[in-house]
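Now for the letters of each chain:
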Amino acid sequence: MTRSKRPGAIRVAVLTGVAMLALGFTGSTTRAEPEAPATEQQLADYIAAGVKGGPIAGTGSACTSGSGAGSGNGSGDCLGGSGSSSGSSGGRSSDTQQYGPEMTSWTAAFGYGLLNPDAAPPGTNDWNCKPTAEHPRPVVLVHGTWMNAYNGFAYMSKPITDAGFCTFTFNYGRSDLVQGGGLGSLIPGVMGTGYIQDSAKQLAVFVDRVLAATGAGKADIVAHSQGGSMANWYTKFEGGAAKTQNLITYGATHHGTSLVGIGALGRAVNNFGIDVLGLVEIFVGHAGIQQTVGSDFVNKLNANGDTVPGIDYTIVGSRYDEITNPYELTFLKAGPGARVQNIVLQDGCEQDVSDHLTMMYSPRALSIALRALDPVKFPTLQCTFNPWVIGGGGGL
């Protein structure tokens, strides 16, 4: 890969990121106060209250209808968020083509990633890299919904590589409108919009490539948002349990999200037979709807417990997470043969007010990943100010 040398690209990236924030593109709220806590059971009870109405025939909500009203979920397996998803399954993954610059600010990195959708975060994808005895496993970095490999890890990738790990990443869930990627898929750099189970298959192929190239028997996975629940699906249904040692996730939608109430409200209305979520899906894509609380995807993901034997889980949530909320939904309960450490980013470091996106640009979040990957060499967690929305210590 060659290093990108586009003049002024970072400045344009900053302006683009700021403009997108101003338009509400990221879904952030207008304040940095934590949402009032709600339990998973409260959300489940709220959603279940809508079941009494039952679905109306012809909405496509039976999943296998294929088209009651021309919808169905495209794959016939009822793993769409509401069973009324429009479009077909599919999509693809892709390799990165060039390196982008190292970034400390999420805002700048997001904008750069929109303009350079195939850029790789610095230090990744050296296919000649061989793991050492000290660090015997490669690290696979997995981005989230509406993100890409670059803007997901432009801050974390280089420090992890510099710590002596072989790091790899790719773009997944590249779906167009026909494949159900939503209107967001029209924007260059927006990925992770296709069916999550399809993306998990793409991850399976990529991990196999990494293991073959490095000669390692297992990989460690560091994942953000959808990337975490998708990697979780990979370990449970795509053979990933035998190939994964550490699963480290940030703001992952392991138990879904209320999407500030929109997902929960939409699902309750859907249960009365009005296809609200199908309309929302036109904008957010298959993956967005699949991550709402009570979806078929989330239910199947956790039907046999949160974890699988043999994997060490490090699960990070932020009290200021406006996307995966309530943030407690990200945490896992250890089942037989698994170890789980659930971490609230602000515990012991109140000045880190990272939200869903800027937690990937938090020095404390980075130190949590390094400690999970190598607790002997990196036993101490950092604690610095990291502002909501912007990240990067407040600078662009």
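Conventions used here
- Residues numbered from 1 in each chain as written.
- Predicted model: local features only at pLDDT ≥ 70, side-chain atom pairs only at ≥ 80, totals over all residues.
- Heavy atoms only, no water.
- Pairing = 2+ DSSP bridges.
- Helix = DSSP H or I, 4+ residues; strand = E, 2+ residues; numbered from the N terminus.
- Axes fitted to C-alpha atoms, helices over the stretch in contact; angles between N-to-C directions.
- Contact = heavy atoms within 4.5 Å.
- Buried < 20%, exposed > 50% of the residue type's maximum accessible area, 1.4 Å probe, protein only.
- Core = buried A, V, L, I, M, F, W, Y, C linked by side-chain atoms within 4.5 Å.
- Disulfide = S-S within 2.5 Å.
- Phe/Tyr/Trp six-rings, centres within 6.5 Å; stacked < 30°, edge-to-face > 60°.
- Lys NZ or Arg CZ within 6 Å of the ring centre and 35° of its normal.
- Expected span 1.5 Å × (residues − 1).
- Parallel < 35°, antiparallel > 145°, perpendicular 65-115°, else oblique.
- Nonpolar A, V, L, I, M, F, W, Y, C, P; charged D, E, K, R; others polar.
- Salt bridge = Lys/Arg side-chain N within 4 Å of Asp/Glu carboxyl O.

**Student:** Mind showing me how you'd approach the sheet that holds strand 6 (residues 167-169) here?
**Tutor:** Strand pairing in a sheet is mediated by backbone hydrogen bonds. Such pairs are either parallel or antiparallel. As summarised here, the arrangement of the 6 strands in space is 6-5-8-9-10-11, forming an open sheet in which the pairing is parallel. Bordering the open sheet on either side are strand 6 and strand 11 (339-344), each of which pairs with just one other strand. Within the sheet, the average angular offset between the axes of one strand and its neighbour, ignoring direction, is 15 degrees. Taken together, the 5 bridges between strand 9 (residues 244-250) and strand 10 (residues 312-317) define a ladder with parallel strand orientation. Opposite Leu 247, over in strand 10, you have Tyr 313 as the bridge partner. Helix 7 (residues 226-237) rests against strand 5 (139-142), strand 8 (219-224) and strand 9 of the sheet, and its axis sits at about 145 degrees to strand 8. Packed on one face of the sheet, helix 11 (residues 363-373) meets strand 5, strand 8, strand 9, strand 10 and strand 11 and runs near 170 degrees to strand 9.

**Student:** Sorry, what's going on with unusual backbone geometry here?
**Tutor:** In this structure, the amide linkage connecting Asn 325 to the following residue, Pro 326, adopts the cis form with an omega of -10 degrees. With respect to the helices and strands, the residue Pro 326 is situated in the loop between strand 10 and strand 11. A positive phi angle is found at Trp 146, which is not glycine, with a value near 65 degrees. Topologically, Trp 146 is positioned in the loop between strand 5 and helix 4 (149-153). Residue class for Trp 146 comes out buried when judged on its relative accessible area of 18%.

**Student:** So what exactly am I meant to see when it comes to the nonpolar core here?
**Tutor:** Buried together is how nonpolar side chains tend to be arranged in soluble globular proteins. Ranked by internal contacts, the top residues of the largest apolar core, which has 39 residues, are Met 103, Met 156, Ile 160, Tyr 250 and Tyr 361. Elements that contribute at least two residues to this core include exactly helix 3 (106-115), strand 5, helix 4, strand 9 and helix 11. Sort the elements by how many residues they give to this core and helix 11 lands first, with 7 residues. With 36 residues, the next largest nonpolar core counts Val 140, Cys 166, Phe 297 and Ile 315 among its residues.

**Student:** Whenever I open this one, the state of the cysteines confuses me. Can you help?
**Tutor:** Cysteine pairs can be linked by a disulfide, which is a covalent bond between their two sulfur atoms. Inspection of the entire model under this criterion finds 2 disulfides. One disulfide in the model links Cys 129 with Cys 166; its S-S distance is 2.0 Å. Looking along the S-S bond of the Cys 129-Cys 166 disulfide, the torsion reads about -80 degrees, which is the left-handed sense. Of this pair, Cys 129 sits in the loop between strand 4 (119-120) and strand 5 while Cys 166 sits in the loop between helix 5 (157-162) and strand 6, placing them 37 residues apart in sequence. On the accessibility criterion, Cys 166 (3% relative accessible area) is buried. A disulfide bridge connects Cys 349 with Cys 383, and the sulfur atoms are separated by 2.1 Å. The S-S bond linking Cys 349 to Cys 383 shows a torsion near 100 degrees; that makes this disulfide right-handed. With Cys 349 in the loop between strand 11 and helix 11 and Cys 383 in the segment after helix 11, this pair connects stretches of sequence that are 34 residues apart. We classify Cys 383 as partly exposed; its relative accessible area is 32%.

**Student:** What is the right way to look at the side chain of Asp 312 in this model?
**Tutor:** Tracing the backbone shows Asp 312 in strand 10. Those residues within four positions of Asp 312 in sequence are excluded, and the remaining contacts are Gln 245, Asn 246, Leu 247 and Arg 339.

**Student:** I'm lost on the pairing of strand 10 in this one. Help?
**Tutor:** One face of the sheet, then the other: side chains in a regular strand alternate in exactly this way. The buried count for strand 10 comes to 6 of 6 residues, which makes it a mostly enclosed element. Every second residue of strand 10 is oriented toward a common face, with Asp 312, Thr 314 and Val 316 on one face and Tyr 313, Ile 315 and Gly 317 on the other, all of them buried.

**Student:** Sorry, what's going on with the packing of aromatic side chains here?
**Tutor:** Centre distance and the angle of the planes are the two values used to describe a pair of aromatic rings. Summed over all chains, the structure comprises 10 aromatic pairs. Centre to centre, the rings of Trp 233 and Phe 297 are 4.9 Å apart; their planes meet at 25 degrees, and the pair counts as stacked. Note that Trp 233 is positioned in helix 7 and Phe 297 in helix 10 (residues 296-301), a separation of 64 residues in sequence. Classification of Phe 297 by relative accessible area gives buried; the value is 0%. Site record: aromatic cluster; members linked through ring pairs are Trp 127, Phe 168, Phe 170, Tyr 172 and Phe 206. Between the NZ or CZ atom of Lys 300 and the centre of the ring of Phe 237, over which it lies, the distance is 5.3 Å.

**Student:** Honestly, helix 6 (residues 196-214) in this entry has me stumped. Any pointers?
**Tutor:** Since the α-helix packs 3.6 residues into each turn, any two residues three or four apart lie on the same face. Taking 1.5 Å per residue as the helical rise, helix 6 with its 19 residues ought to reach 27 Å, and the 26 Å between its terminal C-alpha atoms agrees with that figure. Counted residue by residue, helix 6 has 14 buried out of 19 residues, so it is predominantly covered.

**Student:** I tried to follow the packing of helix 6 against helix 7 on my own but got confused; where do I start?
**Tutor:** Describing two packed helices takes the angle between their axes plus the distance from one axis to the other. It is at 9 Å that the axes of helix 6 and helix 7 come closest, and there the two elements cross at 75 degrees. Relative to helix 7, the element helix 6 is oriented roughly perpendicular. Facing helix 6, whose interface residues are Ile 196, Gln 197, Ser 199, Ala 200, Leu 203, Ala 204 and Val 207, helix 7 presents Gln 226, Met 230, Ala 231, Trp 233 and Tyr 234. The residue inventory of the contact of helix 6 with helix 7, partitioned by class, reads 9 nonpolar, 3 polar and no charged.

**Student:** Hey, could you run me through the pattern of salt bridges in this one?
**Tutor:** Any two side chains of opposite charge can pair if their charged atoms end up close together. Enumeration according to the criterion identifies 7 salt bridges in this entry. For Asp 208, the salt bridge identified is with Lys 243, shortest N-O distance 2.8 Å. One end of the pair, Asp 208, is in helix 6; the other, Lys 243, is in the loop between helix 7 and strand 9, and 35 residues separate them in sequence. For Asp 208, a relative accessible area of 36% translates into the label partly exposed. Arg 319 is the salt-bridge partner of Glu 350, the closest N and O atoms lying 2.9 Å from each other. Of this pair, Glu 350 sits in the loop between strand 11 and helix 11 while Arg 319 sits in the loop between strand 10 and strand 11, placing them 31 residues apart in sequence. Three or more residues are tied together by salt bridges with common partners; here these are Arg 319, Asp 347 and Glu 350.

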